[in-house]
Structures are given as structure tokens and as C-alpha cells.
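# Summary of structural features
For reference, the chains in residue letters:
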Amino acid sequence: MSAAPTLNPAPAAPDAQAPLLVADDLSRHYRVSRGLFQPQATVRALNGVSFTLQRGRTLGVVGESGCGKSTLARALTLVEAPTAGRLQIAGTEVTTADAARRRWLRTQVQMVFQNPYGSLNPRKRIAQMLDEPLKLNTPLTAAERQERVLRMLETVGLRAEHAQRYPHMFSGGQRQRIAIARALMLSPPLLVADEPTSALDVSVQAQILNLLRDLQRERQLGYVFISHNLGVIEHLADEVMVMYLGRVVERAPKAALFARPLHPYSQVLWAAVPRLDGARRVVAPAADLTPPSALRSEPPSPLNLPPGCAFHQRCPLADARCRAELPALRPAGAAGQWVACHRVEEG
Ligand code: SF4
């Protein structure tokens, strides 16, 4: 395995003992226009999200589209600043970092996108794309950089002769390998992967997931892995966070959540996952709750969230308290689960 390249300018040594990622009450709100002569509205795309990720571990993030997964990814990769809350990467506070430190932080977290066709510049050779981050951020010579590029190609399962080819000359799986190689050129400790296998054939998906898992073991990488595919999450995640309309409704170790999701929304998601024999999973209900078999309606507009629990209009277990009071995320059960649901809390 190659040593991490020296970054230029060199930052103060990061705290190796600190958790890789700490999000504390992280929020991202947008002001949007409702139309002429209408007051602006606020979209709470991300609302009070907290979690900790250690090195070498994977946090899986699941939820329907519009639940805040991609907003979270943009906040974690410093593409967008949070409107409230704190974010720490490798022990360094992001929200108060000066420009030099933010430049360094951007090298510590890299993104792997869903679409390997769109995320690579079609006019650049692979060698050029992999060389760019080294050229911009390290004092390495051209020969040293070339050596690192070739070594990285080998690491992700490609060959030296691929270096001089263009992206269109590769299959989808190979392009995702190139995207992963590019993300790893500066040896970041943290990767945020947004549906990285959903555009690939099923057989290729498994190869990419195995590559990510091997790289994680070799390099102690931390992953935030966003996917709507619970099979993929089960394969890779250590802990799972279920999001609904910008909030975390359940967070738990993978084994506990896959054995017994507690939040009614998680129960719906898990009940929809087919087993290998084609049947649906049977979800054990929390306490005396009857698991909702299907969602009753579409989610409410993020522009006009209902009071109380944002899930109450779709939840068959909703009562008056649910319609009035926002449930807090609290520990539930002995398996390390955290759930935001009045009925689970009462049960
Ligand atoms: Fe359903 Fe109420 Fe729990 Fe929300 S708080 S998920 S509405 S039971």
C-alpha cells in the first residue's frame, strides 16, 4: 500500500484519536420563492442530524428521495455550508475553519457519485484525471506522480495500459473503478458514496461493493454510504441511519435494524425488501405495534411540513400526540437503536 502523499500546504497534524466524522445537530435550510408577491418559504432539507463515524467503519444512509440524503452528502463534502450545527472531520472543526484549513479538509473527504458516465471528463485521459489532485495538492515530481497513478490503477483492478485511454473506452464498472481511484489519489480517510452502484448491472455492483470493502479494510477508510438499496446497505454498513424529510427517524447497528426495525417508517422500508425466495421480509413489530403494511400516501411537501411527527399523515399508528408533538430521537431497546417515535417510546 502506498504512503499518503504530502499535502501542500501542510496542515497541523490531525488528531488521530478523534472520530473521523462528527455531525452535531447539523441542519441545512434553503429560502425559496413561492411566487410573485408571496413571502419566501423555508425548505428544511436537513434538520438536526447527529452521528459519529469512526475510522474503518461504514454508516449507511437510507430513505426515500427528498429525505435529505443528498443534502447531507453535500454538507459532509463541504460543497454546501450547514445553516446550523457543527461538523468535525478528523478532529478538525469544519464550520469555523479558515480558508487554508478548509482547503486541507476538502482533501480529507472525497465523493463517489452515482453516475460513472457523467462524473468523468470525457476529454481527459485517465492518467491526466488521476494526476490532477496530486499536481494541485502535493510537491511530488512528475515521475513520482506517474508512479502513484499506475499504482492506484492496479489497486482498483485496472492495468497500466488503461492510463492513456479515455473514459468512453471503458465499461460502467471500470469507470466506477476509475472514479474510486480518483477519489483516493490524496489518500483521504473518508469517502461519501451517493448511490455508487445503482447505475451498474447487478453482477458489476457486487464487484464494486467488494472493491470498496477491500479498500476499506486495507486503508481503514470511513464510508458514508447513501443508497435506497437495502441489500447494498446490508452488505457494507456497520451502522444505519434512516431519514425522513430531513430528520433521522431511526439509527441503529446494522444487525439490530435488519433484525427488527422499530420506527413505523423503517418497518415499511424493510417490509418491502424481497427475500432471496421472492417473498417479502416479515418485520417483527415493535412492542405491541402492528407494522404498517404500506404507506398510505405520498410524503408531504418539504415546503409545508405538518406539525408534530412529519410521518403522521402516512402512519397508521398516528394519534393526537403524533399530530401535535415532534418526537425526539431517543434510545430504544437494548440493541443500540435510537428511534424518533412516540409509540415506540411509550411501548
Ligand atoms: Fe407514527 Fe406517531 Fe410514531 Fe410518528 S410518532 S411514526 S406518527 S406512531
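Relevant structure appears above.
The structure reproduced in this document is the subject of the present report.

What counts, and where the lines are drawn
- Residues numbered from 1 in each chain as written.
- Predicted model: local features only at pLDDT ≥ 70, side-chain atom pairs only at ≥ 80, totals over all residues.
- Heavy atoms only, no water.
- Core = buried A, V, L, I, M, F, W, Y, C linked by side-chain atoms within 4.5 Å.
- Buried < 20%, exposed > 50% of the residue type's maximum accessible area, 1.4 Å probe, protein only.
- Domains from an automatic or database assignment.
- Contact = heavy atoms within 4.5 Å.
- Pairing = 2+ DSSP bridges.
- Helix = DSSP H or I, 4+ residues; strand = E, 2+ residues; numbered from the N terminus.
- Axes fitted to C-alpha atoms, helices over the stretch in contact; angles between N-to-C directions.
- 1 Å grid on protein atoms, 1.4 Å probe; cavity = no way out; pocket = protein on both sides within 12 Å on 5 of 7 lines; lining within 4 Å.
- Points joined across faces, edges and corners; volume = space filled by probe spheres on them.
- Nonpolar A, V, L, I, M, F, W, Y, C, P; charged D, E, K, R; others polar.

### A look at the nonpolar core
Grouped burial of nonpolar side chains is what soluble globular proteins tend to show. Grouped together as the largest cluster of nonpolar side chains are 58 residues, with contacts concentrated most on Val62, Ile180, Phe225, Val240, Val242 and Trp270. In terms of domain composition, this core takes at least three residues from each of domain 1 (21-237) and domain 2 (261-346). With residues up to four places along the chain from it excluded, the contact list for isoleucine 180 reads Val112, Val156, Ile208, Leu211, Leu212 and Leu215. If you look at the next biggest cluster of nonpolar residues, it comprises 32 residues, including Ala23, Phe51, Ala90 and Leu105.

### Thoughts on the sheet that holds strand E2 (residues 41-53)
Read across the open sheet, the four strands follow the order E2-E1-E4-E5; overall the sheet is antiparallel. Edge positions in the sheet fall to E2 and strand E5 (92-93), since each of these pairs with one other strand and no more. In this sheet, E2 lies alongside strand E1 (residues 21-32) in antiparallel orientation, the contact comprising nine bridges. In the strand pairing of E2, tyrosine 30 is matched with valine 43. Each of E1, E2 and strand E4 (84-89) touches helix H1 (residues 69-76); the most contacted strand, E1, lies at about 115° to it.

### Brief notes about the environment of proline 189
The topology assignment puts proline 189 in the loop between helix H5 (172-184) and strand E7 (190-194). Among the residues examined, proline 189 registers a relative accessible area of 12% and is labelled buried. Taking the C-alpha atoms as reference points, proline 189 and glycine 222, separated by 33 residues in sequence, lie 6.1 Å from one another. If we skip the residues at most four places from it in the chain, proline 189 touches Leu20, Arg55, Gln108, Gln220, Leu221 and Gly222.

### Remarks on empty space enclosed by the protein
Taken as a whole, this structure holds one cavity of 30 Å³ or more when the rule is applied. Put simply, the largest cavity is a space of about 90 Å³. Lining the largest cavity we find 13 residues, and of these Pro264, Cys309, Cys315, Cys322 and Cys341 sit closest to its centre. When the residues that make up the lining of the largest cavity are grouped by side-chain class, the tally is nine nonpolar, three polar and one charged.

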